[in-house]
Amino acid sequence: MIKFLDLQTVNMQYKAEIEEAILRVFRNGWYLLGEEVKTFEENLSNYIGAPHAVGVANGLDALRLIFRAYIELGIMKPGDEVIVPSNTYIASILAISDNDLIPVLCEPNIETYNIDIDHIEKLITPKTKAILIVHLYGRAVFSEDLIDLADKFQLKIVEDNAQAIGAEWKGRKTGNLGDAAGFSFYPGKNLGALGDGGAVTCRDNLLANTIRTLANYGSNQKYVNIYKGLNSRLDEIQAAVLDVKLKYLDGDNNVRRAIAKRYVKEISNDRIILPNVPEDCKEHVWHLFVIRCQSRDLLQKFLLENEVQTLIHYPIPPHKQNAYKDWNNYDFPLSELIHGEVLSLPISSILEDSEVSKIISLLNSYNLSSVF
Ligand SMILES: *Cc1c(COP(=O)(O)O)cnc(C)c1O
């Protein structure tokens, strides 16, 4: 079986260094808010190019804390609106609604699957305070037009960088394009921990300090609470592991790019729509390699019968979820089309050439009579 993602083998590539890191923390006996997190935050901040990085418990918290900090700083208030792509993972939207802000869904561009920047302006109202861009599947989304729009309407640009760590737009890393960015180190992400983890990067000193305080019970001095904060910390073991893996991230992302290049070049089947490849290969880190097929469920079954595991990102659009019942009658045709047709192929730094070849030949042989 070719697994969708073989995390054990991914992490075993760095066995000696990861074991050393874990043992170091264990022996030190300091588990939270220590030197490992500090070192990782510094290295992440240098890597991204943003002056501040704050480790937090997970990617959802990273995004929640950004909006929460904007509220505490008086820049946003409950009832304000945040524009977000309609086809994103639910976490982007939860981060907004959890702060009593209103998510305003914007349809994606069908070529890139990222938010359609041309559609944003018509969604802006006097209550709009931010645009949450999501670098979905690992592809950076940004433009001069977006900067102009944010300037014109005084909007914050927040990046959901959970899927795109390492991607660049015009030589700048995602996570350093907007005002603040949330990262996820969920094990399956391009930079994955051995459990949960997340971070926020930003340029503004006050914002960074507010987020750090909010994440630590609203306290920056022991037993003195400025805000009704939460407990959202990256722990020392995860930070030590992430610091090992950060060194290999660019190399891993390049392997993903090479696999994506083969898929795009060698998959040829009228029933399959391949992802659009950006001109600048650095814009994409291929967290997911997502194809589309009208008979997606049959294709998935065919691949599984031939020992290739695939996943769907994502089967149900946010506006059709029970969690957002009020939106169930809304019409987002592109989002619905995407959710009905997408299929993610295996892609990771440990996928063998022979496995890629097998997947390609299966896809090229697929037709509607392949599965009964
Ligand atoms: C994974 C992910 C998140 C949430 O990250 P967690 O660490 O799982 O909380 C947020 N947004 C997107 C787009 C993601 O893929």
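Refer to the structure printed above.
Analysis parameters
Residues numbered from 1 in each chain as written. Predicted model: local features only at pLDDT ≥ 70, side-chain atom pairs only at ≥ 80, totals over all residues. Heavy atoms only, no water. Pairing = 2+ DSSP bridges. Helix = DSSP H or I, 4+ residues; strand = E, 2+ residues; numbered from the N terminus. Contact = heavy atoms within 4.5 Å. Axes fitted to C-alpha atoms, helices over the stretch in contact; angles between N-to-C directions. Core = buried A, V, L, I, M, F, W, Y, C linked by side-chain atoms within 4.5 Å. Buried < 20%, exposed > 50% of the residue type's maximum accessible area, 1.4 Å probe, protein only. 1 Å grid on protein atoms, 1.4 Å probe; cavity = no way out; pocket = protein on both sides within 12 Å on 5 of 7 lines; lining within 4 Å. Points joined across faces, edges and corners; volume = space filled by probe spheres on them. Nonpolar A, V, L, I, M, F, W, Y, C, P; charged D, E, K, R; others polar. Near = heavy atom within 4 Å. Polar contact = N/O pair within 3.5 Å; in protein donor to acceptor, adjacent residues only side chain to side chain. Sits in = over half its atoms within 2 Å of the grid points. Phe/Tyr/Trp six-rings, centres within 6.5 Å; stacked < 30°, edge-to-face > 60°. Lys NZ or Arg CZ within 6 Å of the ring centre and 35° of its normal. Salt bridge = Lys/Arg side-chain N within 4 Å of Asp/Glu carboxyl O.

A. Examining the sheet that holds strand β12 (residues 272–273) more closely. Spatially, the 3 strands line up as an open sheet ordered β12-β13-β14, and their pairing is antiparallel. Strands with a single pairing partner mark the edges of an open sheet, and in this sheet they are β12 and β14 (342–345). Across 4 bridges, the pairing between strand β13 (residues 289–293) and β14 is antiparallel. Of the residues in β14, the one forming a bridge with Val290 is Ser344. Packed onto the sheet, helix α10 (residues 296–305) meets β12, β13 and β14 and runs at close to 25 degrees relative to β14.

B. Local environment of the nonpolar core. With 35 residues, the main nonpolar core has Tyr263, Leu299, Leu303, Leu345 and Leu363 as its most contacted residues. Within the residue set of this core, elements represented by two or more residues are α9 (249–266), β13, α10, β14 and α12 (353–365). For this core, the leading source of residues is α12, giving 5 residues. Dropping the residues within four chain positions of it, Leu299 is found in contact with Ile272, Ile291, Cys293, Leu343, Leu363 and Tyr366. By size, the runner-up hydrophobic cluster in this structure holds 34 residues, among which are Ala62, Leu101, Trp327 and Phe332.

C. Layout of empty space enclosed by the protein. Using the criterion set out here, one finds 2 cavities of 30 Å³ or more in the structure. Considering only enclosed or pocket space, the largest cavity measures out at about 110 Å³ in volume. Around the largest cavity, the lining comprises 14 residues; the ones closest to its centre are Val10, Lys189, Asn190, Asp252 and Arg256. When residues of the lining of the largest cavity are traced back to their parent elements, those giving at least two are α1 (7–12) and α9. No other element matches the 3 residues that α9 contributes to the lining of the largest cavity. Counted by class, the lining of the largest cavity contains 4 nonpolar, 6 polar and 4 charged residues. When its volume is computed, the second largest cavity comes out at roughly 60 Å³. Taken together, Glu111, Thr112, Tyr113, Leu136, Tyr137, Arg139, Pro275, Asn276, His284, Trp286, Leu288 and Val290 make up the full set of residues lining the second largest cavity. Of the residues contributing to the lining of the second largest cavity, the split by class is 7 nonpolar, 3 polar and 2 charged.

D. Inspection of the layout of surface pockets at higher detail. There is about 640 Å³ of room inside the largest pocket. Forming the walls of the largest pocket are 34 residues, and the residues nearest its centre are Tyr89, Ser184, Tyr186, Lys189 and Tyr314. Of all the elements in the fold, those that place two or more residues in the lining of the largest pocket are α4 (59–72), α5 (90–97) and β8 (180–184). Looking at the lining of the largest pocket, the element that brings in the most residues is α5, giving 4 residues. Considered class by class, the residues forming the lining of the largest pocket number 18 nonpolar, 12 polar and 4 charged.

E. View of the site of the ligand. Every residue near the ligand is listed here: Asn58, Gly59, Leu60, Tyr89, Ala91, Val134, Asp160, Ala162, Gln163, Ser184 and Lys189. Within the contact set of the ligand, an oxygen atom lies 2.8 Å away from a side-chain nitrogen or oxygen of Gln163. Here Ser184 contributes a side-chain N or O atom positioned 2.7 Å from an oxygen atom of the ligand. At a threshold of 2 Å from the grid points, most atoms of the ligand map onto the largest pocket. Looking at side-chain class alone, the shell around the ligand contains 5 nonpolar, 4 polar and 2 charged residues.

F. Structural view of the environment of Val277. Topologically, Val277 is positioned in the loop between β12 and β13. Once the C-alpha coordinates of Val277 and Ser92 are considered, the two residues, 185 residues apart in sequence, prove to be 24 Å apart. Beyond its immediate stretch of four places on either side in the chain, Val277 contacts Arg139, Val264 and Trp286.

G. Representation of the packing of aromatic side chains. Within the structure shown, the criterion is met by 11 aromatic pairs. Ring centres of Tyr14 and Tyr248 lie 4.5 Å apart, and the angle between their planes is 15 degrees; this geometry places the pair in the stacked category. Note that Tyr14 is positioned in the loop between α1 and α2 (15–28) and Tyr248 in the loop between α8 (236–246) and α9, a separation of 234 residues in sequence. Judged by relative accessible area, which is 29%, Tyr248 ranks as partly exposed. Here the aromatic cluster, defined as three or more aromatic residues joined through ring pairs, consists of Phe40, Phe183 and Phe185. For Lys173, the ring lying beneath its charged end belongs to Tyr47, and the centroid distance is 4.3 Å.

H. Representation of the pattern of salt bridges. On inspection of all chains with the given rule, the structure shows 18 salt bridges. Here Glu17 and Lys247 are joined by a salt bridge, their closest N and O atoms 2.5 Å apart. Separated by 230 residues along the polypeptide, Glu17 in helix α2 and Lys247 in the loop between α8 and α9 bring together distant segments of the chain. Residue class for Glu17 comes out partly exposed when judged on its relative accessible area of 28%. Note that Lys173 and Glu168 form a salt bridge whose closest N and O atoms lie 3.5 Å from each other. Overall, the relative accessible area of 13% leaves Lys173 in the buried class. Classification of Glu168 by relative accessible area gives buried; the value is 15%.

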